[in-house]
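Here are the chains, one letter per residue:
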Amino acid sequence: SIRPPPCPMDKLKKKASAMAEKAAPAAGAALIRAGSALEKAAPVAAEAAGKASAAAASASEVIKDKAMQNATVAELVTKHGDKAEAARDAVGSVLAKAFGPSQKMRNFAANPTADILIDNPDLLFEGLALVTALRHPKAGIMRGMFEEGMQRAAKSEVAGKAQEAAVTQGINSAVGQATQGAVTSLPPEVSKAATDYVKQNPKEVMQMMKMVAQLR
């Protein structure tokens with residue numbers, strides 16, 4: 001009898017099977033090497049994760065400690081215990097990001113006088129930054145009072161509408177920066193307007209700034 005010719009598909013199957021048999025040992029070795037690499041990497045990854053967790057916990061504690069340095073926050077936590085934890089953490093975060101009192105502010109807090117404000121008009125903006133960061137209920141009043149008062153004081157010094165507009169814009173910009181955390185720069189005309197405002201309204205300004213001094 002005549003045997004039929006071999007099917008091309010059968011040849012391909014046999015060839016593929018032979019190739020698979022030859023490749024099996026190499027694939028197995030590769031898997032073993034990969035497993036060994038993963039085994040070696042696992043302790044390193046675990047150590048890195050542990051360090052990251054410890055760093056995060058440390059940062060959290062720093063924020064909480066910063067918040068507790070504020071008398072208002074500390075009093076809330078003392079009175080309300082665990083219920084005030086979230087508020088303490090939130091305020092601590094704001095303080096850590098937005099406000100670090102300067103030496104001049106600490107000096108003013110120790111001995112609040114109008115003369116210090118006249119010599120250091122930037123303290124008005126630093127005080128506004130603090131009450132805003134702490135979400136003090138009088139922060140909005142203080143902003144409006146300072147903004148309007150400095151603009152009023154500047155009007156008596158400027159020569160024309162153009163100069164008045166420029167000074168007003170500078171005051172608004174400085175006040176806006178203060179409510180965002182800190183004033184990056186204080187133009188001379190804004191500094192003068194703040195100084196004149198303190199001179200013209202010492203009681204009004206001191207009332208607000210003494211409130212600021214009591215917060216730290």
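No experiment lies behind these values; they were computed from the predicted model shown.

**Quick word on the pattern of salt bridges**
Then, number 1: Tallied over the full model, the rule gives three salt bridges.
Then, number 2: Of the charged contacts in the structure, one is a salt bridge between Asp122 and Lys104, with a shortest N-O distance of 2.8 Å. Here Asp122 is found in helix α6 (residues 122–133), whereas its partner Lys104 is found in helix α4 (residues 103–110), with 18 residues between them in sequence.
Then, number 3: The salt bridge partner of Glu148 is Arg152, with a shortest N-O separation of 2.5 Å. Highlighted residues: Glu148 and Arg152, both in helix α7 (residues 139–155), separated by four residues, approximately one helical turn.
Then, number 4: A relative accessible area of 42% places Glu148 in the partly exposed class.

**Here's the deal with the packing of aromatic side chains**
Then, number 1: One pass over the full model with this rule turns up one aromatic pair.
Then, number 2: Between Phe146 and Tyr197, the ring centres sit 5.8 Å apart and the planes meet at 70 degrees, which makes this aromatic pair edge-to-face. A residue pair is termed long-range when its members are at least 10 positions apart, and Phe146 in helix α7 and Tyr197 in helix α9 (residues 188–200) qualify at 51 residues.
Then, number 3: On the basis of relative accessibility, which here comes to 1%, the residue Phe146 falls in the buried class.

**Observations regarding the packing of α7 against helix α8 (residues 161–179)**
Then, number 1: The interhelical angle for the contact between α7 and α8, taken along N-to-C directions, is 160 degrees, at an axis separation of 10 Å. Viewed along their axes, α7 and α8 adopt a mutual orientation that is roughly antiparallel. Seen along the crossing, α7 lies across α8 with a hand that is right-handed. Note on element contacts: α8 touches α7 through Glu164, Val167, Thr168, Ile171, Asn172, Val175, Gly176 and Thr179, opposite Arg143, Glu147, Met150, Gln151, Ala154 and Lys155.
Then, number 2: Across the contact of α7 with α8, the residue classes break down as five nonpolar, five polar and four charged.

**Details of the nonpolar core**
Side chains of nonpolar character tend, in soluble globular proteins, to be buried together.
Then, number 1: Leu117, Met142, Met150 and Met209 are the most contacted members of the largest nonpolar core, which totals 34 residues.
Then, number 2: In terms of residue count, the dominant contributor to this core is helix α10 (residues 202–215) (eight residues).
Then, number 3: Beyond its immediate stretch of four places on either side in the chain, Leu117 contacts Phe108, Leu123, Leu124, Val198, Val205, Met206 and Met209.

Reading guide: rules and limits
Residues numbered from 1 in each chain as written. Predicted model: local features only at pLDDT ≥ 70, side-chain atom pairs only at ≥ 80, totals over all residues. Heavy atoms only, no water. Salt bridge = Lys/Arg side-chain N within 4 Å of Asp/Glu carboxyl O. Helix = DSSP H or I, 4+ residues; strand = E, 2+ residues; numbered from the N terminus. Buried < 20%, exposed > 50% of the residue type's maximum accessible area, 1.4 Å probe, protein only. Phe/Tyr/Trp six-rings, centres within 6.5 Å; stacked < 30°, edge-to-face > 60°. Axes fitted to C-alpha atoms, helices over the stretch in contact; angles between N-to-C directions. Parallel < 35°, antiparallel > 145°, perpendicular 65-115°, else oblique. Left-handed = near helix turned anticlockwise from the far one by under 90°. Contact = heavy atoms within 4.5 Å. Nonpolar A, V, L, I, M, F, W, Y, C, P; charged D, E, K, R; others polar. Core = buried A, V, L, I, M, F, W, Y, C linked by side-chain atoms within 4.5 Å.

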